[in-house]
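This is what each chain is made of:
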Amino acid sequence: MAIRDFLRERFFPHMWCPGCGHGIVLNNMLRAIQTLGMSKNEIAMVSGIGCSSRISGYVDFHTLHTIHGRALAFATGLKMSMPELNVIVPMGDGDALSIGGNHFIHACRRNIAMTALVMNNRIYGMTGGQFSPLSGYGTLATTAPYTNIDHGFDVVDLAISAGATFVARTTTYHAKQMADIIREAIIHDGFSVVEIMTQCPTYFGRKNKLGDASNMMEWMKDITTPVGSKAKEENPDLIERGIFVQKELPEYCSEYNKVIERAMKGRS
Amino acid sequence: MAKQKLKQHHINRDWCKGCGICVHFCPKKVLELDEEDKAVAARPEDCIACKLCELRCPDLAIEIETERSE
Ligand SMILES: Cc1ncc(C[n+]2csc(CCOP(=O)(O)OP(=O)(O)O)c2C)c(N)n1
Ligand code: SF4
Ligand code: SF4
Ligand code: SF4
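Quick look at the structure, then. Because the structure is a prediction, the values reported are computed rather than measured.

Regarding the site of ligand 3
Around ligand 3 sit Cys16, Lys17, Gly18, Cys19, Gly20, Cys22, Leu33, Ala39, Cys57, Pro58 and Asp59 of chain B, and those are all the residues in its vicinity. The residue inventory of the shell around ligand 3, partitioned by class, reads seven nonpolar, two polar and two charged.

Some points on helix H8 (residues 213–223) of chain A
For the α-helix, the turn length of 3.6 residues means that residues three or four positions removed from each other point alike. All names here are of chain A. Taken residue by residue, H8 has Ala213, Ser214, Met216, Met217 and Met220 as its buried positions. Buried residues of H8, viewed axially, fall in a sector of 160 degrees; they line one side. Regarding H8, its N-cap is aspartate 212, as a side-chain oxygen of that residue lies 3.2 Å from the backbone nitrogen of serine 214 further along.

Some words on the environment of phenylalanine 12 of chain A
By the element assignment, phenylalanine 12 of chain A lies in the segment before helix H1 (22–36). Spatially, the C-alpha atom of phenylalanine 12 of chain A lies 23 Å from that of tyrosine 173 of chain A, the residues being 161 residues apart in sequence. Ignoring sequence-local partners within four residues, the contact set of phenylalanine 12 of chain A consists of Leu7, Leu26 and Tyr58 of chain A together with Trp15, Asp59 and Leu60 of chain B.

Describing the packing of aromatic side chains
For the structure on display, the rule yields six aromatic pairs over all chains. By the ring-pair criterion, three or more aromatic residues cluster together here, those being Phe12, Trp16 and Tyr58 of chain A together with Trp15 of chain B. The aromatic ring of tryptophan 15 of chain B is capped on one face by arginine 4 of chain A, whose charged end is 4.6 Å from the ring centroid. A cation over an aromatic ring shows up here: arginine 56 of chain B above the ring of phenylalanine 25 of chain B, its NZ or CZ 4.9 Å from the ring centre.

Quick word on the interface of chain B and chain A
Taken residue by residue, the interface counts 18 residues in chain B and 29 residues in chain A. Between chain B and chain A, roughly 1900 Å² of surface is buried when both sides are summed, and carbon and sulfur atoms account for 61% of that area. Sorting the residues of chain B by area buried against chain A places Trp15, Leu55 and Leu60 of chain B first, and these three jointly supply 35% of that buried surface. As a salt-bridge pair, glutamate 54 of chain B and arginine 31 of chain A come within 3.2 Å of each other at their nearest N and O atoms. Applying the counting criterion to the chain B and chain A interface returns eleven residue pairs in polar contact (both at pLDDT 80 or more). Only helix H1 (21–25) and helix H2 (52–56) of chain B provide two or more residues apiece to the side of chain B that touches chain A. Here the residues of the side of chain B that touches chain A are counted per class, giving nine nonpolar, three polar and six charged.

A few points about the sheet that holds strand S7 (residues 166–171) of chain A
Residue and element names in this part refer to chain A. Taken in spatial order, the eight strands make up an open sheet running S2-S1-S3-S4-S8-S7-S10-S9, and their pairing is mixed. Here the strands that pair on one side only, and so sit at the sheet edges, are strand S2 (62–65) and strand S9 (224–226). Strand-to-strand twist of the sheet, defined as the mean angle between neighbouring strand axes without regard to direction, takes the value 20 degrees. Where strand S1 (residues 43–47) meets strand S3 (residues 86–92), three bridges bridge the pair, whose relative direction is parallel. The residue bridging methionine 45 from the neighbouring strand is isoleucine 88, located in S3. Packing against the sheet, helix H6 (residues 175–187) makes contact with S3, strand S4 (114–120), S7, strand S8 (191–197) and strand S10 (239–246), and its axis sits at approximately 160 degrees to S7.

Digging into the packing of H1 of chain A against H6 of chain A
All names here are of chain A. Relative orientation of the contacting elements H1 and H6 amounts to 55 degrees, with a least axis distance of 8 Å. Between H1 and H6, the crossing angle belongs to the class labelled oblique. The hand of the H1/H6 crossing is right-handed. On H6, the residues that touch Ile24, Val25, Asn28, Met29, Arg31, Ala32, Ile33, Thr35 and Leu36 of H1 are Ala175, Met178, Ala179, Ile182, Arg183, Ile186 and Ile187. Class assignment for the residues of the contact of H1 with H6 results in twelve nonpolar, two polar and two charged.

Some thoughts on unusual backbone geometry
All names here are of chain A. Cis rather than trans, the peptide bond between phenylalanine 12 and proline 13 has omega equal to -5 degrees. Take proline 13: it is sitting in the segment before H1. Notably, threonine 147 is not glycine yet its phi reads approximately 85 degrees, a positive angle. By the secondary structure assignment, threonine 147 is in the loop between strand S6 (130–131) and helix H5 (155–162). Residue class for threonine 147 comes out partly exposed when judged on its relative accessible area of 39%.

Cut-offs applied
- Residues numbered from 1 in each chain as written.
- Chains lettered and ligands numbered in written order.
- Predicted model: local features only at pLDDT ≥ 70, side-chain atom pairs only at ≥ 80, totals over all residues.
- Heavy atoms only, no water.
- Near = heavy atom within 4 Å.
- Nonpolar A, V, L, I, M, F, W, Y, C, P; charged D, E, K, R; others polar.
- Buried < 20%, exposed > 50% of the residue type's maximum accessible area, 1.4 Å probe, protein only.
- Helix = DSSP H or I, 4+ residues; strand = E, 2+ residues; numbered from the N terminus.
- Arc of directions from axis to C-beta.
- Polar contact = N/O pair within 3.5 Å; in protein donor to acceptor, adjacent residues only side chain to side chain.
- Contact = heavy atoms within 4.5 Å.
- Phe/Tyr/Trp six-rings, centres within 6.5 Å; stacked < 30°, edge-to-face > 60°.
- Lys NZ or Arg CZ within 6 Å of the ring centre and 35° of its normal.
- Buried area = accessible area lost by both parts, 1.4 Å probe.
- Salt bridge = Lys/Arg side-chain N within 4 Å of Asp/Glu carboxyl O.
- Pairing = 2+ DSSP bridges.
- Axes fitted to C-alpha atoms, helices over the stretch in contact; angles between N-to-C directions.
- Parallel < 35°, antiparallel > 145°, perpendicular 65-115°, else oblique.
- Left-handed = near helix turned anticlockwise from the far one by under 90°.

Honestly, that's just the spatial picture; any functional story needs more than this.
This is how it looks when you write it as C-alpha cells:
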C-alpha cells in the first residue's frame with residue numbers, strides 16, 4: 001500500500017505552516033506503518049489538542065481527536081475495551097508534558113501497550129508561541145520575552161524513570177531513523193515513548209533566531225549524537241538519539257484479563 | 001538490494017508550500033524553487049534517487065519514481 005492510501009487526501013494541503021516538522025513526523029510514521037503491513041482497520045490514533053494533535057485528522061485509520069492533555073486517558077479506555085487495536089498517541093510537548101504530564105507518567109508506569117509519540121517542538125505552536133516545559137532554560141518565547149528561567153524536562157529520562165518499557169528519541173532531520181524507531185515502538189508489547197525533536201519555524205525558530213526550517217533541522221543534526229557515541233563523552237551537551245530502553249514487562253491489558261479470570265473463578 | 005534509478009520526480013504543486021527543505025538537503029543539488037515558490041527538479045540527470053527529499057518533505061508533496069537496475 002502506498003503511503004498516500006493512508007491519508008485523508010480531502011484535507012490536503014494540510015494546515016501546518018511551511019516547513020513545520022509535524023508533517024515530517026506524519027510522513028515517516030506512515031512509512032513505519034507501511035513496512036508493518038497493517039490494515040487501516042487495525043490502527044487507532046488518539047490525539048489531544050495542538051498543531052501536533054491535528055495529525056489524527058489526516059490519517060485514514062480509526063481516529064479520535066479528544067481534549068488537550070487527555071489523549072492518553074482516552075487511549076487507555078479504548079485500548080482496554082479493544083486490546084486488539086494498535087493504538088498510536090501523537091502529542092505535542094505541551095499536550096504530553098504540561099497539561100498531560102500526570103497522564104503521561106501514569107501511562108508509562110502501567111505499561112499499557114500503545115505508542116506515545118511526543119512531537120517536541122519546545123513551544124506551544126497552536127496558541128501563539130508560549131513556552132512549554134520543554135522549551136528549556138535561556139530560550140525565548142511569547143511569554144518569556146526576557147528569556148525563560150524554567151528548566152526543561154528530559155522526556156527520555158522522565159519516561160524511563162516513570163517505567164516505560166520502550167523509550168527512544170529521534171529528530172525530523174533523521175527521517176529514516178524516525179521511521180525505523182516508530183516501527184519498533186509499534187511492535188513493542190508495552191508502553192512505548194518516542195520523543196521526536198521537531199521544528200516550529202513560526203514560533204520557536206523565529207523567537208530564538210534559529211533561521212528557517214532547514215536551518216533548524218541542521219541544528220538538530222548538530223546538537224544530537226547516537227546513543228553511546230564517543231562524541232557524547234567529549235561533549236556532554238550533545239543530546240543522544242536512538243533506543244534507550246526496550247524491555248519486556250507484564251502488559252496491562254493482559255494482566256487485567258488475568259484479574260477478571262481470578263475474580264470469576266468457578267463462575268461463568 | 002538492487003540499485004534504484006530515477007524514472008521521474010512527481011511534485012504535487014497543490015501540496016508543496018515552498019519550505020525549501022528538499023532543496024536544502026538534496027545531496028546533488030537537483031531541486032530548486034521556481035518563481036511560484038514550488039519545488040521543481042531543475043537537474044534531474046544528477047538525481048541519485050536517494051529519496052531523502054521524499055522522506056523529509058513535510059507536505060508529502062514529492063515522490064521519486066524509480067526503475068530497478070541490477
Ligand atoms: C484544557 C485546555 N487548555 C488550554 C488549551 C489551549 N491550548 C490549545 S493547544 C495548546 C498547547 C499546544 O502546544 P503543544 O501541545 O506543544 O502542541 P503544538 O501546537 O506545539 O504542536 C494549548 C495550551 C486547550 N485547548 N484546552
Ligand atoms: S505554529 Fe509551529 S507547530 Fe504550529 S503549524 Fe506552524 S510551525 Fe507547526
Ligand atoms: S520539501 Fe516539500 S513542501 Fe517543501 S519545498 Fe520541497 S516539495 Fe515543497
Ligand atoms: S532523490 Fe535524492 S538526489 Fe534525487 S532529488 Fe531527491 S534528494 Fe536529490
